[in-house]
Amino acid sequence: MDPASRDLLDGWISGVLARADHHCGVFIGDDGQPFGPRARPWDLPDILVGGRVSDDAIVLDLADGALVLHGVHDVVPGTHPWGPGLRVTVTFEGVPTEVWLV
């Protein structure tokens, strides 16, 4: 993972941990889109307990369990329907998959 991507991910983790309740949104694929199951902001937020960035992965310790996203190869700031965040492209089950971190 390149240093710029690592910095963006580390910054996102730090920013969420600085929020009062550590609320965030981790959306894989179409999850969290305007007409999806978690469409309205913060109806069912994820709660970040901790996280870290490794060589090619990001590990998110959420209140309901850990999520490891392997094969990070693209991190771009952007705007998701829930708000500003990072669009991260990972390899999920052998397929490039878009994950939004909001």
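Residues numbered from 1 in each chain as written. Predicted model: local features only at pLDDT ≥ 70, side-chain atom pairs only at ≥ 80, totals over all residues. Heavy atoms only, no water.

A. Main features of the environment of Phe92. Checked against the element boundaries, Phe92 lands in strand 7 (residues 83–92). Classification of Phe92 by relative accessible area gives partly exposed; the value is 39%. Phe92 sits 23 residues away from Leu69 along the chain, and the two C-alpha atoms are 7.6 Å apart. (Helix = DSSP H or I, 4+ residues; strand = E, 2+ residues; numbered from the N terminus. Buried < 20%, exposed > 50% of the residue type's maximum accessible area, 1.4 Å probe, protein only.)

B. Local environment of the sheet that holds strand 2 (residues 26–28). With antiparallel pairing, the 4 strands of this open sheet are ordered in space as 2-8-7-6. If you trace the sheet from one side to the other, it starts and ends with strand 2 and strand 6 (74–80), each paired once. Here the strands of the sheet are splayed against their neighbours by 30 degrees on average, with no regard to which way each runs. Pairing of strand 7 with strand 8 (residues 95–101), which is carried by 7 bridges, proceeds in the antiparallel orientation. Considered in strand 8, the bridge of Leu86 is made with Leu101. (Pairing = 2+ DSSP bridges. Axes fitted to C-alpha atoms, helices over the stretch in contact; angles between N-to-C directions.)

C. Highlighting the pairing of strand 4 (residues 58–62). Judged by how many residues are buried, strand 4 sits mostly within the fold: 4 of 5 residues are covered. Where strand 3 (residues 46–53) and strand 4 come together, 5 bridges link them in antiparallel fashion. Its bridge partner being in strand 4, Gly51 is matched across the sheet by Leu60. Counting the residues between successive antiparallel strands, the hairpin from strand 3 to strand 4 contains 4 residues. Joining the antiparallel neighbours strand 4 and strand 5 (residues 65–69) is a turn of 2 residues.

D. Seen up close, the pattern of salt bridges. What the rule picks out here adds up to 3 salt bridges. Its salt-bridge partner being Arg52, residue Asp61 comes within 3.7 Å of it at the nearest N-O pair. (Salt bridge = Lys/Arg side-chain N within 4 Å of Asp/Glu carboxyl O.)

E. Just the sheet that holds strand 1 (residues 23–24), in detail. With respect to topology, 4 strands assemble into an open sheet ordered 1-3-4-5, the strand pairing being antiparallel. Each edge of the open sheet is held by one strand with a lone partner, namely strand 1 and strand 5. Contacting strand 1, strand 3 and strand 4, helix 1 (residues 3–18) runs over the sheet at an angle of about 145 degrees to strand 3. (Contact = heavy atoms within 4.5 Å.)

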